[in-house]
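# Notes for the structure review
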Amino acid sequence: MALHSKKLSFTRPIMVSFAGILFSFALIAILVILSQRKDFLEDYHKINGNFTHNLAVNYTETILRENDYILGRAAMYFARNDRVNQTINIDPTHGLQMLMHLQNLMPTVSSISLADTEGRHLRAPEVLPTEKGKSFDARTRPWFIGQAEASNFPHYTRPYLDYFTQHPTVTLYKPVISPEGRLKGTLAFHLDLTSMGYTLRQMVAPVQGEFFIVERDGAVVLHPDTGALFKHYVSEALMDKMTSGEGHLFDPKSKTWYYYYSFTNPDWFVIYRVSDATLTVITRHETTVVGWGFALAAIIIILFGLYLRHVSRSVLMNIINAIKTGDVNQAPRLEAMLSHTIRTNKERELAYVRQATHDALTGCKNRRAFDNDVGELLAAHQPFVLALIDIDNFKSINDTWGHLSGDIVLRNVAREGIQIMQPHHVSVYRYGGEEFAVIFPAELMNSANALLEAWRTTVEKRTWREENLRVTFSAGLGEWHFEPLEQFIGSVDEALYTAKQQGKNRIVSTASR
């Protein structure tokens, strides 16, 4: 009888089936959670890498490029005639005024030194005469050049303490060479590492971590905490592994992720350091949410299994009762009770796509998007026109009305440009700081100047909330003739510089210079 009872039972196969379904569901849930954790970790690697790239390109490279440019122009000025000797020895009062005017253009430069080949020098701001100052010899300083070199690139010293102020500094310097090839002296910009480090405090990292700039040997050059300057934050063994332009690597000894971006001149690295424990906590939180969803689904499946078992027994008893009594109207209907579906979390990944190619403040495309788009045009040998736009007197706007107003100016100037360019399918890029770029394809070459002029006029006529605020921009415009990209961008930049020299608020083409 017992054997026949087991054969006649249909609740056992139902429970075995549900147990198989539950086991399969649990296995799939574990695999999905592990896969999600890996995907989340890769997403955060990309986010941290983008933050490091933007910190390097939009902040560090912008400052270095501006200082390099001004140093080159100033060196060309002093190289003509006998201006080094005139400035240092003949009329040092007027020379000091010129150096101070030059220093005021660069907020990241604490002082400027100009020395001739004999070691006679002039420093701005002027150093008060002291006993220590009498023993100063410019020829012993790391920035002094005693022999002319063929290279036209500026040089950077290793970090050191300033002789007079004893403040940490790095010096950007360049030989002053006359058109005849004679070494006239050395022009040096002493960078204010402390103020540059304070600016880093305004950066907001995507996850908790530490970001700073080091030399090739791992010594800190810039850090939000000025007490960390010159300390070795990264081992030389780890620095040797940073062989590509940018990337990330893991240090098993400290269990830390290092995201980096390297420069060639100077030989600096932008480092973003994040603890592996921090990333583990973040990814664990993300996957825990998914895990709880699967657990809830499993509980519901178990409840439905128990309910189906109970209902199946009731149905069996009703069938037996119907056989005995012959009353089929009393038999209840069987109703399916499976009502749960599994949902996925792929929408979370879509939120990270836009930030990789767009600037958050202005809504323009960022520098990475600019490099990619120009690279595609160069690879396809497609002619195009490039415009470089720089807001006039932007530093004065920040100093007078504050950085918040400066951000509003950047955002509105960009918006005016986007509204004019977008109907023509032309993109506006934030090139760096207050500088923008526009790429006109071949079919719009003849319209490029008109579109740019429309943008310039709209900005000039715009009324601002701040009283007496007037915003204009200068622009350089040039057509690519298949020359090297660096040479082409340099010529457009020269046109922009010419526009500034001619009075600003104008557009100068490379063809008209």
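Up top is the structure these notes are about.
What this report covers is the structure whose coordinates are included nearby. Throughout, a residue's number is its position along its own chain's written sequence, starting from 1. The predicted nature of this model means local features are confined to residues of pLDDT at least 70 and side-chain atom pairs, given and counted, to a pLDDT of 80 or more, with totals for whole chains, interfaces and linings taken over all residues. Side-chain figures throughout are based on the complete set of non-hydrogen atoms in the structure, without hydrogens or water.

### Points about the sheet that holds strand β11 (residues 268-275)
Strands are treated as partners if at least two bridges between them are detected by DSSP. Here a helix means four or more residues in a row that DSSP labels H or I, a strand means two or more in a row labelled E, and each is numbered from the N terminus. Strand order in the open sheet made by the 5 strands is β8-β7-β11-β10-β9, with antiparallel pairing throughout. Single-partner strands in this sheet number two, and they are β8 (220-222) and β9 (246-251). Going across the sheet, the axis of each strand differs from the next one's by a mean of 35°, ignoring polarity. Bridge count for β9 against strand β10 (residues 256-262) is 6 bridges, and the pairing is antiparallel. Across the sheet, the residue bridging to L249 is Y258, located in β10. Residue contacts are counted whenever heavy atoms from the two residues lie within 4.5 Å of one another. Fitting a line to C-alpha atoms yields each axis, with helices limited to the stretch in contact; the angle taken between N-to-C directions then spans 0 to 180 degrees. Against the sheet, helix α6 (residues 193-200) touches β7 (210-215) and β8, its axis set at about 75° to β8.

### A short note on a nonpolar patch on the surface
By definition, no residue in a patch forms a salt bridge, and every one has over 30% relative accessible area; like charges are joined within 9 Å, nonpolar side chains (Val, Leu, Ile, Met, Phe, Trp, Tyr) within 5 Å. Per-residue and other accessible areas follow the Shrake-Rupley method at a 1.4 Å probe size, with only the shown protein chains counted as cover for residues. Only one rule defines a salt bridge in this text: a Lys or Arg side-chain nitrogen within 4 Å of an Asp or Glu carboxyl oxygen. The grouping of I299, I302, L303 and L306 at the surface amounts to a nonpolar patch, some 370 Å² of accessible area in total. As for its position among the elements, I299 is in helix α8 (residues 276-325). Judged by relative accessible area, which is 46%, I299 ranks as partly exposed. Burial status follows relative accessibility: with a 1.4 Å probe on protein chains alone, a residue under 20% of its type maximum counts as buried, one over 50% as exposed, and anything between as partly exposed.

### Description of α6
By the burial criterion, the buried members of α6 are L193, M196, G197 and L200. When α6 is viewed along its axis, its buried side chains cluster within an angular range of 100° and face the same direction. An arc is given here, and it is the one of the directions from the helix axis to the C-beta atoms.

### Points about the layout of surface pockets
Space left empty within the atom packing is revealed by a probe, the size of a water molecule, rolled over the atoms. Only protein atoms enter the 1 Å grid used here, on which a cavity is any set of points holding a 1.4 Å probe that cannot leave and a pocket is any open set flanked by protein within 12 Å on both sides along at least five of seven lines; residues with an atom within 4 Å of a point are listed as lining. Grid points are joined across faces, edges and corners, and a volume is the space filled by probe spheres set on the points. The space that makes up the second largest pocket amounts to roughly 1600 Å³. As for the second largest pocket, its lining consists of 38 residues, of which R65, D68, F153, P154 and E486 are closest to the centre. If you list the elements that add at least two residues to the lining of the second largest pocket, you get α2 (11-79), β5 (168-177), β10, α10 (367-379) and α14 (485-501). With 10 residues, the top contributor of residues to the lining of the second largest pocket is α2.

### Some details on the nonpolar core
Side-chain atoms within 4.5 Å are what join buried Ala, Val, Leu, Ile, Met, Phe, Trp, Tyr and Cys residues into a set we call a nonpolar core. Within the largest apolar cluster, 62 residues are counted, with the highest numbers of intra-cluster contacts made by I112, L187, F189, M242, W268 and I271. Beyond its immediate chain neighbours, meaning those up to four positions away, F189 contacts N67, I70, L71, L102, M106, V109, S111, I112, V170, T171 and L172. In this structure, V385, V438, V459 and I507 belong to the second largest nonpolar core, which totals 32 residues.

### Things to note about the environment of Y233
By the element assignment, Y233 lies in the loop between β8 and α7 (236-240). Residue Y233 is classed as partly exposed on the basis of its relative accessible area, which comes to 24%. For Y233 and D217, which are 16 residues apart along the polypeptide, the C-alpha to C-alpha distance reads 9.5 Å. Ignoring anything within four residues of it in the chain, the contact list for Y233 reads E210, F212, G218, V220, H223, A228, Y258 and R273.

### With respect to the packing of aromatic side chains
Pairing of aromatic side chains requires ring centres within 6.5 Å, counting the rings of Phe and Tyr and the six-membered ring of Trp. Pairs whose planes differ by under 30 degrees are stacked, by over 60 edge-to-face, and all others tilted. Enumeration according to the criterion identifies 21 aromatic pairs in this entry. Ring centres of F250 and W257 lie 4.9 Å apart, and the angle between their planes is 50°; on these two criteria the pair is classed as tilted. Overall, F250 belongs to the partly exposed group, its relative accessible area being 31%. Linked through ring pairs, F51, F211, Y259 and Y272 together constitute an aromatic cluster. We call a charge positioned over a ring when the NZ of a Lys or the CZ of an Arg lies within 6 Å of the ring centre and within 35 degrees of the ring normal. Taking NZ or CZ as reference, R73 lies 4.2 Å from the ring centre of Y497, over its face.

### Let's talk about the packing of helix α11 (residues 394-401) against helix α12 (residues 403-421)
Running from amino to carboxyl end, α11 crosses α12 at an angle of 135°, the nearest separation of the two axes being 6 Å. Here α11 lies oblique to α12, going by the angle between them. Contact residues: F394, I397, N398 and W401 in α11; H403, S405, G406, V409 and L410 in α12. Among the residues making up the contact of α11 with α12, the classes are represented as 5 nonpolar, 4 polar and no charged. When an angle is under 35 degrees it counts as roughly parallel; over 145 it counts as roughly antiparallel; between 65 and 115 it counts as roughly perpendicular; any other value is oblique. Residue type decides the class: Asp, Glu, Lys and Arg count as charged, Ala, Val, Leu, Ile, Met, Phe, Trp, Tyr, Cys and Pro as nonpolar, and the leftover types, Gly among them, as polar.

### What to know about the side chain of R367
Within the secondary structure, R367 sits in helix α10. The class for R367 is buried, based on a relative accessible area of 16%. Here a polar contact is taken to be a pair of N or O atoms separated by no more than 3.5 Å, where protein atoms must pair a possible hydrogen donor with a possible acceptor and residues adjacent in sequence count only if both atoms sit in side chains. A distance of 3.4 Å separates a polar side-chain atom of R367 from the backbone oxygen of Y431. Excluding residues that lie within four positions of it along the chain, R367 makes contacts with V57, N58, E61, R430 and Y431.

### Examining the side chain of D392
Mapped onto the elements, D392 comes out in the loop between β12 (384-391) and α11. At 3.5 Å, the side chain of D392 forms a polar contact with the backbone nitrogen of F473. Ignoring sequence-local partners within four residues, the contact set of D392 consists of I397, T472, F473, S474, K500, K504 and N505.

### With respect to the sheet that holds strand β16 (residues 507-509)
On the basis of which strands lie adjacent, the open sheet formed by 5 strands has the order β13-β14-β12-β15-β16 and mixed pairing. In this open sheet, the two strands that pair with only one neighbour each are β13 (428-432) and β16. Across the sheet, the mean angle separating the axes of adjacent strands is 25° when strand polarity is ignored. As paired elements, β12 and strand β15 (residues 473-479) share 7 bridges and run antiparallel to each other. Residue D390 lies in a different strand from β15, and its bridge partner there is S474. Here α10 sits on the sheet and contacts β12, β13 and β14 (435-441); the angle it forms with β13, its principal contact strand, is near 115°. Relative to β15, α14 is tilted by about 145°, and along the sheet it contacts β12, β13, β14, β15 and β16.

### So, empty space enclosed by the protein
Under the criterion given, the structure shown has 1 cavity of 30 Å³ or more. What the largest cavity holds in volume is close to 60 Å³. The wall of the largest cavity is formed by S113, H121, R123, F136, R141, W143, Y160, D162, Y163, F164 and H190. The residue inventory of the lining of the largest cavity, partitioned by class, reads 5 nonpolar, 3 polar and 3 charged.

By themselves these figures say nothing about function.
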